[in-house]
Amino acid sequence: MLGGGSPESESNMSLRINDLAPDFTAETTHGAINFHEWIGDNWAVLFSHPKDFTPVCTTELGAVAGLEREFAKRGAKVIGLSVDPVENHGRWAKDIEEVTGSAINYPVIGDTELKVAKLYDMLPGDAGDSCEGRTPADNATVRMVFVIGPDKKIKLTLAYPMTTGRNFDEIIRVLDSMQLTAKHKVATPANWKQGEDVIITGAVSNDDAAKIFPGYKTVKPYLRTTPQPK
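For the structure given in this document, a descriptive report is provided here. Here the structure is a predicted model, which is why all the values come from computation and not from measurement. (Residues numbered from 1 in each chain as written. Predicted model: local features only at pLDDT ≥ 70, side-chain atom pairs only at ≥ 80, totals over all residues. Heavy atoms only, no water.)

### Focus: the packing of aromatic side chains
Okay, so step 1: Enumeration over the complete set of coordinates arrives at seven aromatic pairs.
Okay, so step 2: An angle of 15 degrees between the planes, with centres 6.1 Å apart, marks the rings of Phe 35 and Trp 38 as stacked. You can see Phe 35 and its partner Trp 38 sitting in helix H2 (residues 35–39), three residues apart, about one turn around the helix. For the pair Phe 35 and Trp 38, one class covers both residues: buried.
Okay, so step 3: Directly above the ring of Trp 38 sits Lys 77, whose terminal nitrogen or CZ lies 4.4 Å from the centroid. (Phe/Tyr/Trp six-rings, centres within 6.5 Å; stacked < 30°, edge-to-face > 60°. Helix = DSSP H or I, 4+ residues; strand = E, 2+ residues; numbered from the N terminus. Buried < 20%, exposed > 50% of the residue type's maximum accessible area, 1.4 Å probe, protein only. Lys NZ or Arg CZ within 6 Å of the ring centre and 35° of its normal.)

What follows is the structure in structure tokens.
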């Protein structure tokens, strides 16, 4: 069951940053969930896969399992999605733990009718309504990452080709940046990591910057840096 309109109307809409993440109910390896209720007051990372028992995705689910504590430290819950049945996910989980050494403790959605994939614009509306007979190539576009804030709005979207494994350390880096910049009037430069200098936003005047960020550095009139706020 999907929220906020028919699947057809939703699937024709591209999702952008700051759009409300579409709500849905679905079966998962942890039982039935309502997505917005499951998120609660947390951040959420939804990452999708074309099919179970595929090589790159096997490494990805294991990588996320190994990082789950890091996501939890940041108040972020993770949830996977594959267009195969939940019972297949359970069998696949054994392979994933054997290959990567990490057990999957987060839920994985079984999107057998392709409803969530369409709702999140990962598959076209005419893709059918069953996972049966579909190959990974048919589902190649179901290779997305969505980061969703506690306000249920989309904060980040990433799309990957099937042959490139996703970098979930980058997702954690982005979470660190978004959570920092939500609290302070700063932005983070290219390749920024925790503890490095940040950029003072243009919304802060030089006078205010001197009070809020004493000792800040002016690189250019439009580029001012300061140590990361505590």
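### Quick look at the sheet that holds strand S11 (residues 223–226)
Strands in a sheet are paired, the pairing made by backbone hydrogen bonds, and the direction either parallel or antiparallel.
Okay, so step 1: Across the sheet, which stays open at both edges, the four strands sit in the order S8-S9-S11-S10 with antiparallel pairing between neighbours. Taken across any chain shown, the strands that pair with only one partner, and hence form the sheet edges, are strand S8 (186–187) and strand S10 (217–220).
Okay, so step 2: As paired elements, S8 and strand S9 (residues 198–200) share two bridges and run antiparallel to each other. Of the residues in S9, the one forming a bridge with Val 186 is Ile 200. (Pairing = 2+ DSSP bridges.)

### Side note on the side chain of Asp 111
Okay, so step 1: Along the chain, the position of Asp 111 falls in the loop between strand S5 (108–110) and helix H5 (115–119).
Okay, so step 2: Buried charge without a salt bridge: Asp 111, with Lys 115 as the nearest opposite-charge side chain at an N-O distance of 8.0 Å.
Okay, so step 3: Aside from chain neighbours lying at most four places away, what touches Asp 111 is Leu 81, Ser 82, Val 83, Asp 84, Val 116 and Ala 117. (Lys, Arg positive; Asp, Glu negative; His and termini not counted. Salt bridge = Lys/Arg side-chain N within 4 Å of Asp/Glu carboxyl O. Contact = heavy atoms within 4.5 Å.)

### What about the packing of helix H3 (residues 55–73) against helix H6 (residues 168–183)?
Okay, so step 1: Direction vectors running N to C along H3 and H6 enclose 30 degrees, while the axes themselves pass 10 Å from each other. What the angle tells us is that H3 and H6 run roughly parallel. Considering the relative orientation of H3 and H6, their crossing is right-handed. Here H3 contributes Glu 60, Val 64, Leu 67, Glu 70 and Phe 71 to the contact with H6, which in turn contributes Phe 168, Asp 169, Ile 171, Ile 172 and Leu 175.
Okay, so step 2: Taken together, the residues of the contact of H3 with H6 sort by class into seven nonpolar, no polar and three charged. (Axes fitted to C-alpha atoms, helices over the stretch in contact; angles between N-to-C directions. Parallel < 35°, antiparallel > 145°, perpendicular 65-115°, else oblique. Left-handed = near helix turned anticlockwise from the far one by under 90°. Nonpolar A, V, L, I, M, F, W, Y, C, P; charged D, E, K, R; others polar.)

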